[in-house]
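Summary of structural features
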Amino acid sequence: MGTLEFYRTVLFPALNKGLWVSIQIIVPSAVLGVAIGILAGVGRSLGTSRLSRALDAYVAVFRGTPLVVQLMMWYYGLPTVGVFLESQFGPGVSPLSSLFRLSPYASSVTAFALCSGAYQSEYIRGALLSIKKGQYMAALSLGFTRAQAFWRITAPAAARRALPGCGNEIIYLIKYSSLAMIVTMSELTGQAKGIATMYFRYLECYLATAGYYLALVTLATWLLSWMERRLAIPGDPGLS
Amino acid sequence: MTAQLQKATAPPAGRPGDPERPGATCTPYAPGAPPVTAAASPAPPHLLEACGITKTMGDKILLHEVSLTLDRGDLKVLIGPSGGGKSTLLQCIHFLNPPDGGDVFLDGESARDMSRMNICLFRREIGMIFQDFNLFDHLTARDNVAVALRRVKGWAKREAYDRAMAELDRVGLASRADLYPAQLSGGQKQRVSIARALAMDPKVMLLDEPTSALDPELIGEVLKVIQDLHEGGMTMLMVTHQVGFARHMTKEFLFMESGRITESGSPEELLRDGSGSRTSDFCSKLSEIQGG
């Protein structure tokens, strides 16, 4: 098979298929990660001390352990819990124990969302801390309730501060989605590896794959800077 | 039940000027103590009365049973050295920073007894002007004024905007309505913040050094707005170092130092040459710095 023929009939179709799988992993993980990050970040900065300690522990664990290890725990480790339950309580609990058998896709999204959320919460928390208390006080002085003052005044300002950091984390996520390969997902990197080993064309396969990721990241960067521009406040040097 | 019995059997709390209990001062708030009731006074209530306001931070006493009253149309001026508790007092009166002891009555209603929801109602009756403006950075001048009308008073967008424009016009900034705080000068920001407070139709305005963060040439425009408000009959309590301005408008200076109001009286009385008052000493030092 000629080189061009190989690209046209084997490599790019496989990578395109992988790209679609990657997108299906990245988008829900990013959305869930941001949502978890917002909840955890707000809880850590404003929650009761017990809640914020619990969330600190979550961040410590998910930021403090390798993502590969987390991923393997979700996919290979968790079903053991189901096996244990069945050994203890008989086959009657198998509907319950099946909950612990995550598909490769579900374990990838779970791992990425929880890990990403831990980092996102840090950006959100930092942004909330950076907002001067004065605007919140001014809102209270006008008769806003504390919840209104937070959601109407502090949160919009904090969201703008958090955006660059959160965007950065999403760009990381695009790249670490390649780890889904190790729990048997045929996403971009998984496809590349399959083709490369089958045809012994490592350099071309991985170079092309790198190009795909670069394109994804460029697209994300472009989207994020468009959002930053849209949300920028005229005249504010820190945000525009 | 117990609380009701206590209320019924407790003697009426004394208040300054209470004819039945001459010389009595209002009872500082303490949990379990009989509540201070403004209704106990036969005199019509002051518009705003702060009673025995105490505030501590750790071991430090920031405010030491401070009491003051404001009647409709009053402008009283709080002066005194930094760290004396002036700003803390304003925040306590507004319950932005609830006092540890004492109570505030607005039209005879105790803020201490209010639920969290009613405190929001109480706060919106009192306008606050901050030294560093505290405009909402992500909103235009118009939205800064309208946002509380819409979210707190529940007005429709159009009504809120109409009112916002009217208030901005009153402070001379109607042409700047679409600019964001970062595009305004300090004096303009402070005028927007005054418009924002006025839009809520407050009964009282508390001004916390409204001109201290401004360049000297911008102070005048803000003082002009404050003067117009005073002439329009607004009740105000103002912390300021602009003694020269304040002495011509106010009938009463309150000198505050170390968490207490140590002197009060008319500017003529306190600033008379040779009066030996702490106020006159302080003011002459201020005017040395300000050059008049």
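Residues numbered from 1 in each chain as written. Chains lettered and ligands numbered in written order. Predicted model: local features only at pLDDT ≥ 70, side-chain atom pairs only at ≥ 80, totals over all residues. Heavy atoms only, no water.

Moving on, we get to the layout of surface pockets. Residue and element names in this part refer to chain A. Quantified by volume, the largest pocket comes out at close to 670 Å³. For the lining of the largest pocket, the secondary structure elements donating two or more residues are α1 (3–46), α6 (104–130), α8 (146–176) and α10 (202–231). Sort the elements by how many residues they give to the lining of the largest pocket and α8 lands first, with 11 residues. In the lining of the largest pocket, the residues fall into 28 nonpolar, one polar and no charged. (1 Å grid on protein atoms, 1.4 Å probe; cavity = no way out; pocket = protein on both sides within 12 Å on 5 of 7 lines; lining within 4 Å. Points joined across faces, edges and corners; volume = space filled by probe spheres on them. Helix = DSSP H or I, 4+ residues; strand = E, 2+ residues; numbered from the N terminus. Nonpolar A, V, L, I, M, F, W, Y, C, P; charged D, E, K, R; others polar.)

In this section: the sheet that holds strand β3 (residues 75–79) of chain B. Residues and elements named next belong to chain B. Strand order across the open sheet formed by six strands is β6-β7-β8-β3-β9-β10, with mixed pairing between neighbours. With partners counted over all chains shown, the strands left at the sheet margins are β6 (126–129) and β10 (260–265), one partner each. Neighbour-to-neighbour, the strand axes of this sheet turn through a mean angle of 20°, independent of strand direction. Bridge count between β6 and strand β7 (residues 204–208): four bridges; the pairing is parallel. Its bridge partner being in β7, Ile126 is matched across the sheet by Val204. Contacts from helix α2 (residues 86–93) reach β3, β6, β7, β8 (235–239) and β9 (252–257), with the element oriented near 150° to β7. Set on the sheet, helix α6 (residues 186–199) makes contact with β6 and β7; between it and β6 the angle comes to about 170°. (Pairing = 2+ DSSP bridges. Axes fitted to C-alpha atoms, helices over the stretch in contact; angles between N-to-C directions. Contact = heavy atoms within 4.5 Å.)

Time to look at the packing of aromatic side chains. Residues and elements named next belong to chain A. Inspection of the entire model under this criterion finds 11 aromatic pairs over all chains. On the basis of an interplanar angle of 45° and a centroid distance of 5.1 Å, the ring pair of Tyr58 and Phe62 is categorised as tilted. With Tyr58 and Phe62 both in helix α2 (residues 49–64), this residue pair falls four residues apart, about one helical turn. Comparing Tyr58 with Phe62 shows no difference in burial state: the two are buried. (Phe/Tyr/Trp six-rings, centres within 6.5 Å; stacked < 30°, edge-to-face > 60°. Buried < 20%, exposed > 50% of the residue type's maximum accessible area, 1.4 Å probe, protein only.)

Attention now moves to the interface of chain B and chain A. With 26 residues of chain B at the contact, the number on the chain A side is 21 residues. Surface buried jointly by chain B and chain A totals about 2100 Å² across both partners, of which 66% is contributed by carbon and sulfur atoms. Taken as a group, B:Phe136, B:His138 and B:Arg151 account for 28% of the area that chain B buries against chain A, more than any other trio of residues on that side. Inspection of the chain B/chain A interface yields zero salt bridges. Mapped onto the side of chain B that touches chain A, the elements with two or more residues apiece are α3 (116–124), β6, α4 (141–151) and α6 of chain B. In terms of residues, the side of chain B that touches chain A owes the most to one element, α3(B), which gives five residues. (Buried area = accessible area lost by both parts, 1.4 Å probe. Salt bridge = Lys/Arg side-chain N within 4 Å of Asp/Glu carboxyl O.)

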